[in-house]
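So the chains spell out like this:
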Amino acid sequence: MEAEFVERSQTSDTVTYDLQLSASETASGAVRILTRNGKRLEVKVPPGTGDRSTVRLRNALRLTDGHDGDILICVHLSESAEAGRVVAVTDATFEAEVLKAPVPVVVDFWAAWCGPCRTISPIVERLGTAYSGKVRFRKLNVDENPLASRKYQVMSIPTILVFKNGRIAGMSVGAVTEGELRGRIDAALSRE
């Protein structure tokens, strides 16, 4: 699959490119083709790669330019692809998507069988749109992802946790109104 790599900088022994990927691509991994000087290189972005992470192609300049050196691919999460959306996370992607996120993240811990979870889900979706660009919204199915649920001691669902700088900044348990949830998110965001 061809992708648009944007060359950012070049020195005698490294060339750096920027590559935009969606949240699902960074979570599950992606393969892209970089064309340089008529040569095609396969770039494998490993699952769980975070925003602004670097993938190093060791000594790839030997193939493309005929001399020793690395090609660096700086991966950027495409905000426009997910703006205003609630994106599913897993135990495997939780650290990259939530704890290492450059902006606050609201995580909805839920399960398919949970009636109150179905009640709060549209509220979380609306807030995802309202806070678009300022806060990321994620959801984690507790039945399919028990590790994060255990780590953060989620005993009842729905539980909404607000993460800021990789730490819990706020919490809401049970089905609450949109106004209550918005107030808890705003309070968590205003804390230092």
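What comes next is a walk through the structure. On a predicted model such as this, the values are computed, not experimentally measured, just so you know.

So, how was this worked out
Every chain's residues receive numbers from 1 upward, in the order its sequence appears when written. Since the coordinates come from a predicted model, pLDDT governs what is reported: local features require at least 70, and pairs of side-chain atoms require 80 or more to be given and counted, while whole-chain, interface and lining totals use all residues. With hydrogens and water set aside, each side-chain value is computed from the structure's full complement of heavy atoms. Helix and strand assignments follow DSSP, with helices taken as H or I runs no shorter than four residues and strands as E runs no shorter than two, numbered in order from the N terminus. Residue contacts are counted whenever heavy atoms from the two residues lie within 4.5 Å of one another. Exposed residues in this analysis have more than 50% of their type's maximum accessible area, buried residues have under 20%, and partly exposed residues fall in between, with area computed by a 1.4 Å probe over protein chains only. Helix span, as expected, comes to 1.5 Å for every residue beyond the first. Think of it this way: the bend at a residue is just the angle between two axes, each fitted to seven residues, one set ending at that residue and the other starting at it. Note on pairing: two strands pair once DSSP finds at least 2 bridges between them. Fitted lines through C-alpha atoms serve as axes, helices being fitted only where they are in contact, and the angles separating the N-to-C directions of these axes extend from 0 to 180 degrees.

**Topic: the environment of Pro 46**
Here's step 1: Following the sequence through the fold, Pro 46 ends up in the loop between strand E4 (39–45) and strand E5 (54–57).
Here's step 2: Sequence-wise, Pro 46 and Glu 25 are 21 residues apart; in three dimensions their C-alpha atoms are separated by 9.3 Å.
Here's step 3: When neighbours within four sequence positions are excluded, Pro 46 is seen to be in contact with Thr 26, Gly 29 and Val 55.

**Focus: the side chain of Ser 149**
Here's step 1: Following the sequence through the fold, Ser 149 ends up in helix H6 (residues 146–151).
Here's step 2: Look at Ser 149 and you get buried, because its relative accessible area is 7%.
Here's step 3: Discounting residues that sit within four places of it in the chain, Ser 149 has contacts with Phe 109, Leu 140, Val 142 and Val 154.

**A short note on helix H5 (residues 115–130)**
Here's step 1: The first and last C-alpha atoms of H5 sit 24 Å apart over 16 residues, in line with the 22 Å expected at 1.5 Å per residue.
Here's step 2: The sharpest bend along H5 measures roughly 30° and falls at Ser 121, with the proline Pro 122 sitting one to four residues further on.

**Here we look at the pairing of strand E1 (residues 5–10)**
Here's step 1: Of the pairings in the sheet, the one linking E1 to strand E2 (residues 14–21) comprises 5 bridges and is antiparallel in character. By the bridge assignment for E2, Ser 9 is matched with Thr 16.
Here's step 2: The turn linking E1 back onto E2 is made up of 3 residues.

**Overview of the pairing of strand E10 (residues 159–164)**
Here's step 1: Across the 6 residues that make up E10, a large majority, 6, are buried.
Here's step 2: Residues of E10 alternate between two faces, with Thr 159, Leu 161 and Phe 163 on one and Ile 160, Val 162 and Lys 164 on the opposite face, all of them buried.
Here's step 3: Direction of pairing for strand E8 (residues 105–110) relative to E10: antiparallel, over a ladder of 5 bridges. Of the residues in E10, the one forming a bridge with Val 106 is Val 162.
Here's step 4: Where E10 and strand E11 (residues 167–173) come together, 6 bridges link them in antiparallel fashion. Counted as the bridge partner of Val 162 is Gly 170 from E11.
Here's step 5: Adjacent in sequence and paired antiparallel, E10 and E11 are bridged by 2 residues, among which Asn 165 carries a positive phi angle near 55°.

**Describing the sheet that holds strand E9 (residues 136–141)**
Here's step 1: In space, the 5 strands of this open sheet follow the order E7-E9-E8-E10-E11, with mixed pairing throughout. Looking at the sheet topology across the chains shown, the edges are occupied by strand E7 (86–88) and E11. Taking the axes of each pair of neighbouring strands and ignoring which way they run, one obtains an average angle of 25° across the sheet.

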